[in-house]
Amino acid sequence: MNSFGFGTLTVALFALVCCSGSDEKAFEVHVRPEKLIVEPKESLKVNCSTTCNQPEVGGLETSLNKILLAEQAQWKHYLISNISHDTVLWCHFTCSGKQESMSSNVSVYHAWSPEINMSVKLPCSPVSILNRRPLPLCTGAGQATSSPTVEHHEPPKQVFLTLQPTWVAVGKSFTIECRVPAVEPLDRLTLFLLRGNKTLHSQTFGKAAPALQEATATFSSTAHREDGHHNFSCLAELNLTSRGGDVFQKHSAPKMLEIYEPVPDSQMVIIVLVVSVLLFLFVTSVLLCFIFSQHWRQRRTGTYGVRAAWRRLPQAFRP
């Protein structure tokens, strides 16, 4: 083989390797939420998205009832209803003949409360009184039975997202607000404000009274052109793993931001001048029409008045 043929073969192999390597990660598929725990018979909303600009086909595969709520080229939003058992949801997209998929695990849970051991023996000691600790119930032989402690929790069931304003110019600021009406305990809750799959802001909450609390997270940002191509959402996560529980997640419905380009100042001045000139011409034409109509009316009225006076004049006074 001559040097020219060997060089051509080398270049071809190199191009093939590079192209095949670049196609392996040409696009990605995302699903939100990635893991979710729901109550029996509950419904949930799932968002499937991809980084492929023009996917050929995409969707959600599940044995449960699903309804397509909204969609655009790079994302689809579904409602899954009547969840009665643990299942796996599959989001898939096909781009340039290649298919990628991502799964989301859905678990069904029942009301949880920590197990209480009513037979724990504690020593009866005045130290408990001095330290203002809860007094144990003393029994015989210097033993005590601890008072039961019951912890309650309420996973987030509703998550509301608000964009203010919903129509904003490039370079102007807008506000994202996420609100969860009732959740407990508040110190285990985290709110994530998302643009597509990117977290813009996350907020945790301090210790609060043991009761249902409303949680709110607010974030201000500057509008960019690409913001109009992504959906905004909020993820509420209640993490009870440190207390022997699970992680509960709830997603808000996605919302879109309308982005427009601001009109340059020079164009605005031209528009104002043109509108002013047209308005002046309109007012002038109305005034001229009014003046001409009045003049024409006076001429007609004056002629008829002379003829009427001539008829009423006696014959003796006529020439």
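Once a new chain begins, its residue numbering starts again from 1 and follows that chain's sequence as written. The predicted nature of this model means local features are confined to residues of pLDDT at least 70 and side-chain atom pairs, given and counted, to a pLDDT of 80 or more, with totals for whole chains, interfaces and linings taken over all residues. With hydrogens and water set aside, each side-chain value is computed from the structure's full complement of heavy atoms.

### Some words on the sheet that holds strand β3 (residues 42–50)
Point 1. Any two strands with at least two DSSP-identified bridges between them are counted as paired. Under the DSSP-based scheme used, a helix requires at least four consecutive residues in state H or I and a strand at least two consecutive residues in state E, with every element numbered from the N terminus. Pairing in this open sheet of 4 strands is antiparallel, and the strands run β1-β3-β6-β5 from one edge to the other. Of all strands in the sheet, those bounded by a partner on one side alone are β1 (29–32) and β5 (65–72). When the angles between neighbouring strand axes are averaged without regard to direction, this sheet yields 20°.
Point 2. Here β5 pairs with strand β6 (residues 75–83) via 7 bridges, running antiparallel. Across the sheet, the residue bridging to Leu68 is Tyr78, located in β6. Each axis is a line fitted through C-alpha atoms, and for a helix only the stretch in contact is used; angles between axes span 0 to 180 degrees, taken between their N-to-C directions.

### Structural notes on the pattern of salt bridges
Point 1. Put simply, a salt bridge is a Lys or Arg side-chain nitrogen that is within 4 Å of an Asp or Glu carboxyl oxygen. With the rule as written, the count across this model stands at 8 salt bridges.
Point 2. Between Glu42 and Lys250 there is a salt bridge, and its shortest N-O distance comes to 3.3 Å. Of this pair, Glu42 sits in strand β3 while Lys250 sits in strand β19 (residues 247–251), and the two are 208 residues apart along the sequence.
Point 3. Between Asp227 and Arg195 there is a salt bridge whose closest N-O contact spans 2.6 Å. Here Asp227 is found in the loop between β17 (213–222) and β18 (231–239), whereas its partner Arg195 is found in strand β15 (residues 189–195), with 32 residues between them in sequence.

### Concerning the state of the cysteines
Point 1. Any cysteine sulfur atom paired with another within 2.5 Å is treated as part of a disulfide. Tallied over the entire structure, the rule returns 3 disulfides.
Point 2. Here Cys48 connects covalently by a disulfide to Cys91, the sulfurs 1.7 Å from one another. The S-S bond linking Cys48 to Cys91 shows a torsion near -50°; that makes this disulfide left-handed. One end of the pair, Cys48, is in strand β3; the other, Cys91, is in strand β7 (residues 87–95), with 43 residues separating them in the sequence.
Point 3. Disulfide partner of Cys52: Cys95, at an S-S distance of 2.2 Å. Across the disulfide from Cys52 to Cys95, rotation about the S-S bond amounts to roughly 65°, and the bridge is consequently right-handed. Of the two residues, Cys52 sits in the loop between β3 and β4 (57–61) while Cys95 sits in strand β7, which places them 43 residues apart along the sequence. With respect to class, Cys52 is no different from Cys95; both count as buried. Each residue gets one of three labels from its accessible area relative to the maximum for its type: buried under 20%, exposed over 50%, partly exposed in between, using a 1.4 Å probe on protein chains only.

### Some points on the packing of aromatic side chains
Point 1. Two aromatic rings from Phe, Tyr or Trp, using only the six-membered ring of Trp, form a pair when their centres are within 6.5 Å; if the ring planes differ by under 30 degrees the pair is stacked, by over 60 it is edge-to-face, and anything between is tilted. Summed over all chains, the structure comprises 2 aromatic pairs.
Point 2. Ring centres of Trp167 and Tyr260 lie 4.1 Å apart, and the angle between their planes is 20°; this geometry places the pair in the stacked category. Highlighted residues: Trp167 in strand β13 (residues 167–169) and Tyr260 in strand β21 (residues 258–260), separated in sequence by 93 residues.

### Here's the deal with empty space enclosed by the protein
Point 1. A cavity here means a set of points on a 1 Å grid, drawn over the protein atoms and nothing else, where a 1.4 Å probe fits but cannot get out; a pocket is an open set with protein on both sides within 12 Å along at least five of seven lines, and a residue lines either one if it has an atom within 4 Å of a point. Grid points are joined across faces, edges and corners, and a volume is the space filled by probe spheres set on the points. Taken as a whole and assessed by the stated rule, the structure comprises 3 cavities of 30 Å³ or more.
Point 2. Counted as a void, the largest cavity has a volume near 100 Å³.
Point 3. Ile37, Val38, Glu42, Pro156 and Gln249 are, among the 13 residues lining the largest cavity, the residues nearest its centre.
Point 4. Contributing elements (two or more residues each) for the lining of the largest cavity: β2 (35–38), β3 and β19.
Point 5. Looking at the lining of the largest cavity residue by residue, the class counts come to 8 nonpolar, 1 polar and 4 charged.
Point 6. Space inside the second largest cavity adds up to approximately 50 Å³.
Point 7. Contributing to the lining of the second largest cavity are Arg32, Asn47, His77, Gly196, Asn231, Ser233, His251, Ser252 and Pro254.
Point 8. Looking at the lining of the second largest cavity residue by residue, the classes come out as 1 nonpolar, 7 polar and 1 charged. Charged means Asp, Glu, Lys or Arg here, nonpolar means Ala, Val, Leu, Ile, Met, Phe, Trp, Tyr, Cys or Pro, and polar covers whatever is left, Gly included.

### Focus: unusual backbone geometry
Point 1. Between Arg32 and Pro33 the backbone carries a cis peptide bond, its omega angle lying at -5°.
Point 2. Within the secondary structure layout, Pro33 lies in the loop between β1 and β2.
Point 3. Here the residue pair Glu184 and Pro185 is connected by a cis peptide bond, since its omega of -5° sits within 30 degrees of zero.
Point 4. As for its position among the elements, Pro185 is in the loop between β14 (173–183) and β15.

### Section: the nonpolar core
Point 1. Among buried residues, the Ala, Val, Leu, Ile, Met, Phe, Trp, Tyr and Cys ones that are joined through side-chain atoms within 4.5 Å form a nonpolar core. Ranked by size, the top nonpolar core spans 25 residues in total, and within it Ile176, Val180, Leu189, Leu191, Ala215 and Phe232 carry the most contacts.
Point 2. Mapped onto this core, the elements with two or more residues apiece are β12 (160–164), β14, β15, β17 and β18.
Point 3. Broken down by element, the residue count for this core peaks at 5 residues, all from β14.
Point 4. Residues are treated as being in contact if the distance between any of their heavy atoms lies within 4.5 Å. For Leu189, the residues in contact, after removing those within four places along its chain, are Val183, Gln203, Thr204, Phe205, Ala215, Ala236, Glu237 and Leu238.

### Regarding the confidence of the model for the protein
Point 1. Per-residue confidence for the protein gives a mean pLDDT of 75; residues scoring 70 or more make up 68%.
Point 2. Across the chain, each position has a pLDDT score giving the predictor's confidence in that residue, from 0 to 100. Taking the mean pLDDT of every element in the protein, the minimum, 36, falls on helix α2 (residues 127–130) and the maximum, 94, on β12.
Point 3. In this model, residues 3–24 is a region of pLDDT below 50 whose contacts with residues beyond four sequence positions or in other chains number 4 contacts.
Point 4. pLDDT under 50 marks residues 112–150. Its contacts with residues more than four places away, or in other chains, come to 40 contacts.

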